[in-house]
There are 2 protein chains.
Amino acid sequence: MDLIESLAVKSEQKILLVVIDGLGGLPKKDKTELESAWIPNLNKLVAKSGLGLLTAIDVGITPGSGPGHMALFGYDPVRYLVGRGVMEALGVGLSPGPGDLCARGNFATLGPDGTVCERRAGRIATELCVELCGRLQAAIPTIEDVKVLVRPGIGHRFVVVFQGPGLGDGLTDSDPQHNGLKSLPVEPTGPVAAKSARVANRFIEHAAELLKSQDRANSVLLRGLALPPPIPSMRERFKLTPACVAAYPMYRGLAKLVGMDVLETGDTWQNEVQALRKHMPAYDFFFLHFKETDKAGEDGKFEAKQELIEQFDEEILPQLLALKFDVLCITGDHSTPATMAGHSWHPVPMLLNSPYVRPQLVIEEFGERACVHGSLGHMPSVKLMQLLLANALKLKKFGA
Amino acid sequence: MDLIESLAVKSEQKILLVVIDGLGGLPKKDKTELESAWIPNLNKLVAKSGLGLLTAIDVGITPGSGPGHMALFGYDPVRYLVGRGVMEALGVGLSPGPGDLCARGNFATLGPDGTVCERRAGRIATELCVELCGRLQAAIPTIEDVKVLVRPGIGHRFVVVFQGPGLGDGLTDSDPQHNGLKSLPVEPTGPVAAKSARVANRFIEHAAELLKSQDRANSVLLRGLALPPPIPSMRERFKLTPACVAAYPMYRGLAKLVGMDVLETGDTWQNEVQALRKHMPAYDFFFLHFKETDKAGEDGKFEAKQELIEQFDEEILPQLLALKFDVLCITGDHSTPATMAGHSWHPVPMLLNSPYVRPQLVIEEFGERACVHGSLGHMPSVKLMQLLLANALKLKKFGA
């Protein structure tokens, strides 16, 4: 048990953690997406809030979505690393439990000797992927005593989850990562994964038999085979009753992994706020996730990301403030500068509003560079949760 | 041996660490207690000093007085956690040594079957507590080969220290913490504490016999049973000849635990400065403690805390500056915002004056939010001591 767990107590106070995915950016000309945005409501909040910067993993390390969120939830993102296969399973809406083996799959074109001709089967259409996954699922419901779940992704991508006793972690990929190399058997890196390897290889063989008449998608490659790590829940660790409001499956899945209740919600930001409002009485911690900012950043769309931040400020924030949470934190899981069209290592701006913060002396804006001068300083994302708990009076004093 | 110990050397330079207890605060209206105070002498010093912020334990963790001071003395406050019973013993002026078992006691009202009717015996008067402690002390001078020391506290509170061979740590409380529950036997959590438990339970039984004719205070409850942790002295670790000037017993006791000489002093701040001046030639490190600011904060008295800081600035600081210490550090062990009427997790402002600091570019005031922009940054309190040693030229270069 760590220090925070030993000090956590229940209190009446309610916490809202708003994650604007990929919030941080870099300047185009003079200002970042956030600094360019017209955000009068956020800026007004600054006068009553503490500002700071969060680093998800470490200086210079660019986090994936998994580690970025695990850190915000108060879990050491290196210790609780969620494997690729598990992230993909969460992304298609599956909920792998302890002991479930998850893998990312590709439909691929293999030669008669097992040489990979086309790792992505010529990027087949999603419609074909859906059809093929349906055929695989129907033909391979189980392997030995293991249940098999096959779910399509976009294009050539799919996910397979194996559910059954005795599936251990630690497996190599069948995907050789380059065309012209031979497809590899999945191999266990230790004795606990022997059955996992056998089942995965049987799936690959069976799939190849079923697909042999296909023109391009005549085989499958698996990679990122992994089990969800054992994760103590936020309920146990922090004495919280936590809930997630997120439209995207991956974030719902991550929240479920740490023991949040995942609330029903629609696709839009307005849907999410409605779900939050409806369920507010039943929980004392909410994780509210907005995805589109990250997508705009990934697509290199500076102005689109700026406008989404403006939309948050104008349409969403006033509704959140009206709910009168005791502790409100607005931040991101990582930076996604549009100028880089991808995630980056840059610290993420963070705003914390509660009755117990020291506002800044002079700063009047919420932005990456304003947060450098914030009263909360620069801290690892994983410590944010203890600061939220403190501000909600949910931590006892340490020592006499 | 840690890095600092391996680098510490003697030098002529003298260090003064001034702890203004509970110095940090939160704004009432716009400014904190410190920011509201008229402190021309401190502000003048800022131009020749480095400013920073100290966090005693970790982000969001509220420290007790023990951990707050252990960190300032250069001791990891989690590793060197001083148990409740020991803190209480120090607070009544006892000096428990290695192997001495300390406990916090309550006089309590128990029913015939051992049920706790009133955990605080109806909050009896201190005069009665003193009388009853005298009777217990007289009747129970020893148990087996263990010497028993009983000292009164305020109201229903007292302290008992057991001194003798073979007393181990790791004991449960006899106090069930709630009225209506049965008083519990003290139990050892491991074999080394078997004798400790036996002696503690014998004390409880014997006390109940002696007190049975009392109307309300007919029994005792013990909790926080603990031995002082083994602590290497500051002399060994830092090659210092350290002394403590503190009016309050608990802080004198903490200083003694880390090997400081505890100097005789009166109750007032002026008495403390006199003691410091008198003993200055004999030591190269002084811990000077001012308690009243913390009390004002704990009582929720914003203006009183502000005025005490002003008093420090006007009456005390000029005398300290006249002593011409080579290194002068002014900080606190934790924040005690009057608006919260208790200790808090907020970082503590820190000022370090020596010939070897970089003053700030623009800041002209000593305050919580000015220190955000200080040249010394934001650091754990436990690292302060190495900064003081460095500024006193008491640390060798590391590596060739």
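Residues numbered from 1 in each chain as written. Chains lettered and ligands numbered in written order. Predicted model: local features only at pLDDT ≥ 70, side-chain atom pairs only at ≥ 80, totals over all residues. Heavy atoms only, no water.

1. Regarding the overall build of chain A
Along its length, chain A carries 14 helices and 14 strands. Against the globule reference of 21 Å for 400 residues, chain A gives a C-alpha radius of gyration of 23 Å, in line with a compact fold. Counting only C-alpha atoms and orienting by the principal axes, one finds that chain A spans roughly 70 × 50 × 40 Å. Pairs at least 24 apart in sequence give 73% of the contacts found in chain A among residues at least 6 apart. Total accessible area computed for chain A in this model is approximately 15800 Å², and 54% of it derives from carbon and sulfur atoms. For chain A, the separation between the mean place of its 42 positive charges and that of its 45 negative charges on side chains is 3 Å. (Helix = DSSP H or I, 4+ residues; strand = E, 2+ residues; numbered from the N terminus. Rg over C-alpha atoms; globule rule 2.2 N^0.38 Å. Contact = heavy atoms within 4.5 Å. Areas by Shrake-Rupley, 256 points an atom, 1.4 Å probe, with all protein chains shown as cover. Lys, Arg positive; Asp, Glu negative; His and termini not counted. Charge placed at Lys NZ, Arg CZ, Asp CG, Glu CD.)

2. Things to note about the environment of Ala-121 of chain A
Residues and elements named next belong to chain A. Relative to the assigned elements, Ala-121 resides in the loop between strand E4 (116-118) and helix H6 (126-139). In the structure, Ala-121 is positioned 97 residues away from Asn-218 in sequence and 7.9 Å away in space, judged by C-alpha atoms. With sequence-adjacent residues up to four places away left out, Ala-121 is seen in contact with Phe-107, Ala-108, Thr-109, Arg-216 and Ala-217.

3. Things to note about the relation of the copies chain A and chain B
Taken as rigid bodies, chain A and chain B are interconverted by a rotation of 122° and an axial shift of 0.1 Å, the fit giving an RMSD of 0.1 Å. Put plainly, the chains are arranged around a three-fold axis. Rotation axis and chain A: the residue whose C-alpha lies nearest the axis is His-373 of chain A, separated from it by 4.0 Å. Of the interface residues in chain A, just 4% have counterparts in chain B that sit at the interface too, so the contact is made through distinct surfaces. (Least-squares fit on C-alpha atoms with pLDDT ≥ 70 in both.)

4. Describing the sheet that holds strand E11 (residues 285-290) of chain A
Residues and elements named next belong to chain A. Strand order in this open sheet of eight strands is E10-E9-E11-E1-E12-E13-E2-E14, and the pairing throughout is mixed. The sheet is open, and its two edges are formed by strand E10 (261-262) and strand E14 (377-380), each paired on a single side. Strand contacts of helix H9 (residues 249-257): strand E9 (242-246), E10 and E11, with the helix running at about 170° to E9, the strand carrying the most contacts. Its contacts with the sheet place helix H14 (residues 384-391) against strand E1 (15-20), strand E2 (49-55), E11, strand E12 (327-331), strand E13 (348-353) and E14, and it is angled at close to 155° to E12. (Pairing = 2+ DSSP bridges. Axes fitted to C-alpha atoms, helices over the stretch in contact; angles between N-to-C directions.)

5. Thoughts on unusual backbone geometry
Here Glu-144 of chain A, not a glycine, exhibits a phi torsion of approximately 50°, which is positive. Its place among the elements puts Glu-144 of chain A in the loop between strand E5 (142-143) and strand E6 (146-152). Exposure remark for Glu-144 of chain A: the relative accessible area of 46% places this residue in the partly exposed category. Look at Ala-121 of chain B: it is not a glycine, yet its phi comes out positive at around 50°. Judged by relative accessible area, which is 0%, Ala-121 of chain B ranks as buried. (Buried < 20%, exposed > 50% of the residue type's maximum accessible area, 1.4 Å probe, protein only.)

6. With respect to helix H7 (residues 194-211) of chain A
Each full turn of the α-helix corresponds to 3.6 residues, which orients residues three or four apart in the same direction. Residues and elements named next belong to chain A. In a regular helix each residue adds 1.5 Å, so 18 residues correspond to 26 Å; H7 covers 26 Å between its end C-alpha atoms and thus fits that length. Taken as a whole, H7 has its buried residues at Lys-195, Ser-196, Ala-197, Val-199, Ala-200, Asn-201, Phe-203, Ile-204, Ala-207 and Leu-211. Looking at the buried residues of H7, the elements they touch are strand E3 (101-110), H6, E5, E6, strand E7 (157-163) and strand E8 (219-226). (Expected span 1.5 Å × (residues − 1).)

7. Quick look at the nonpolar core
Residues and elements named next belong to chain A. If you look at the biggest cluster of nonpolar residues, it comprises 60 residues, and the most contacted ones within it are Met-234 and Phe-285. Of all the elements, H14 adds the most residues to this core, at six residues. Every residue in contact with Phe-285, bar those within four places of it in the chain, is listed here: Ile-15, Leu-17, Met-234, Leu-240, Thr-241, Pro-242, Ala-243, Met-260, Met-385 and Leu-388. (Core = buried A, V, L, I, M, F, W, Y, C linked by side-chain atoms within 4.5 Å.)

8. Some words on the sheet that holds strand E11 (residues 285-290) of chain B
Residue and element names in this part refer to chain B. Reading across the sheet, the eight strands line up as E10-E9-E11-E1-E12-E13-E2-E14 and stay open at both edges, with mixed pairing between neighbours. Edge strands, defined here as strands with exactly one partner in the open sheet, are strand E10 (261-262) and strand E14 (377-380). Contacts between helix H9 (residues 249-257) and the sheet are confined to strand E9 (242-246), E10 and E11, with E9 contributing the most and set at about 170° to the helix.

9. Some details on the environment of Gly-367 of chain B
Residues and elements named next belong to chain B. Within the element layout of this structure, Gly-367 appears in the loop between strand E13 (348-353) and helix H13 (368-371). A sequence separation of 18 residues divides Gly-367 from Pro-349, and the C-alpha atoms of the two residues are 6.4 Å apart. Residues contacting Gly-367, with those up to four places away along its chain left out, are Leu-34, Glu-35 and Pro-349.

10. Let's talk about the interface of chain A and chain B
Counting residues at the interface gives 24 residues for chain A, matched by 32 residues for chain B. Of the roughly 2200 Å² buried between chain A and chain B on both sides combined, carbon and sulfur atoms contribute 68%. Per-residue buried area on chain A facing chain B is highest for Arg-358, Phe-398 and Ala-400 of chain A; these three make up 36% of the total on that side. Remark: the boundary between chain A and chain B carries one salt bridge. Salt-bridge contacts for Asp-58 of chain B lead to Lys-383 of chain A; the nearest nitrogen and oxygen are separated by 2.8 Å. (Buried area = accessible area lost by both parts, 1.4 Å probe. Salt bridge = Lys/Arg side-chain N within 4 Å of Asp/Glu carboxyl O.)

11. A few points about helix H10 (residues 269-279) of chain B
Of the residues making up H10 of chain B, those classed as buried are Trp-269, Glu-272, Val-273, Ala-275 and Leu-276 of chain B. Looking straight down H10 of chain B, one finds that the buried residues subtend no more than 160° of arc, so they occupy a single side. (Arc of directions from axis to C-beta.)

12. As for the side chain of Arg-237 of chain A
Residue and element names in this part refer to chain A. Tracing the backbone shows Arg-237 in helix H8 (residues 234-238). Within polar-contact distance, the side chain of Arg-237 engages the backbone oxygen of Gly-74 at 3.0 Å. Beyond its immediate stretch of four places on either side in the chain, Arg-237 contacts Asp-2, Glu-5, Ala-8, Gly-74, Tyr-75 and Pro-232. (Polar contact = N/O pair within 3.5 Å; in protein donor to acceptor, adjacent residues only side chain to side chain.)

13. A look at the packing of aromatic side chains
Where two aromatic rings form a pair, the distance of their centres and the angle of their planes describe that pair. Residues and elements named next belong to chain A. What the rule picks out here adds up to 21 aromatic pairs over all chains. Relative to Phe-287, the ring of Phe-73 lies with its centre 4.8 Å away and its plane at 70°, an arrangement referred to as edge-to-face. Of this pair, Phe-73 sits in the loop between helix H4 (65-72) and helix H5 (84-91) while Phe-287 is found in strand E11, placing the two residues 214 residues apart along the sequence. Take Phe-73 and Phe-287: they sit in the same class, and that class is buried. Taken together, the aromatic side chains of Tyr-75, Tyr-80 and Phe-238 make up a single cluster linked through ring pairs. A cation sits over an aromatic face here: Arg-237 above Tyr-75, 4.5 Å from the ring centre. Here the basic side chain of Lys-291 rests over the ring of Tyr-248, its NZ or CZ set 6.0 Å away from the ring centre. (Phe/Tyr/Trp six-rings, centres within 6.5 Å; stacked < 30°, edge-to-face > 60°. Lys NZ or Arg CZ within 6 Å of the ring centre and 35° of its normal.)

14. Considerations on the packing of H6 of chain A against H7 of chain A
Residue and element names in this part refer to chain A. At a minimum axis separation of 11 Å, H6 and H7 run at an interaxial angle of 120°. On the basis of their axis angle, the class for H6 and H7 is oblique. Between H6 and H7 lies a crossing of right-handed hand. When H6 is examined against H7, the residues Leu-132, Arg-135, Leu-136 and Ala-139 are found in contact with a partner set consisting of Phe-203, His-206, Ala-207, Leu-210 and Leu-211. Residue composition of the contact of H6 with H7, by class: seven nonpolar, one polar and one charged. (Parallel < 35°, antiparallel > 145°, perpendicular 65-115°, else oblique. Left-handed = near helix turned anticlockwise from the far one by under 90°. Nonpolar A, V, L, I, M, F, W, Y, C, P; charged D, E, K, R; others polar.)

15. Some details on the packing of H5 of chain A against H9 of chain A
Interhelical geometry of H5 of chain A versus H9 of chain A gives an angle of 115° and a closest axis separation of 7 Å. Residue-level inspection shows Met-87, Leu-90 and Gly-91 of chain A of H5 of chain A in contact with H9 of chain A, the latter providing Pro-249, Met-250, Gly-253, Leu-254 and Leu-257 of chain A.

16. Some remarks on the pairing of E2 of chain A
All names here are of chain A. Burial of E2 is extensive: seven of the seven residues sit out of reach of the surface. Residues of E2 alternate between two faces, with Ser-49, Leu-51, Leu-53 and Thr-55 on one and Gly-50, Gly-52 and Leu-54 on the opposite face, all of them buried. Inspection of the sheet shows E2 paired to E13 by six bridges, in the antiparallel sense. Residue pairing for E13: Gly-50 is matched across the bridge by Leu-352.

17. Remarks on the pattern of salt bridges
Using the criterion set out here, one finds 39 salt bridges over all chains in the structure. Glu-88 of chain B is the salt-bridge partner of Arg-84 of chain B, the closest N and O atoms lying 2.7 Å from each other. Of this pair, Arg-84 of chain B and Glu-88 of chain B both sit in helix H5 (residues 84-91), four residues apart, which is roughly one turn of that helix. Salt bridges here are not isolated pairs; linked through shared partners, they connect Asp-2, Glu-5 and Arg-237 of chain A.

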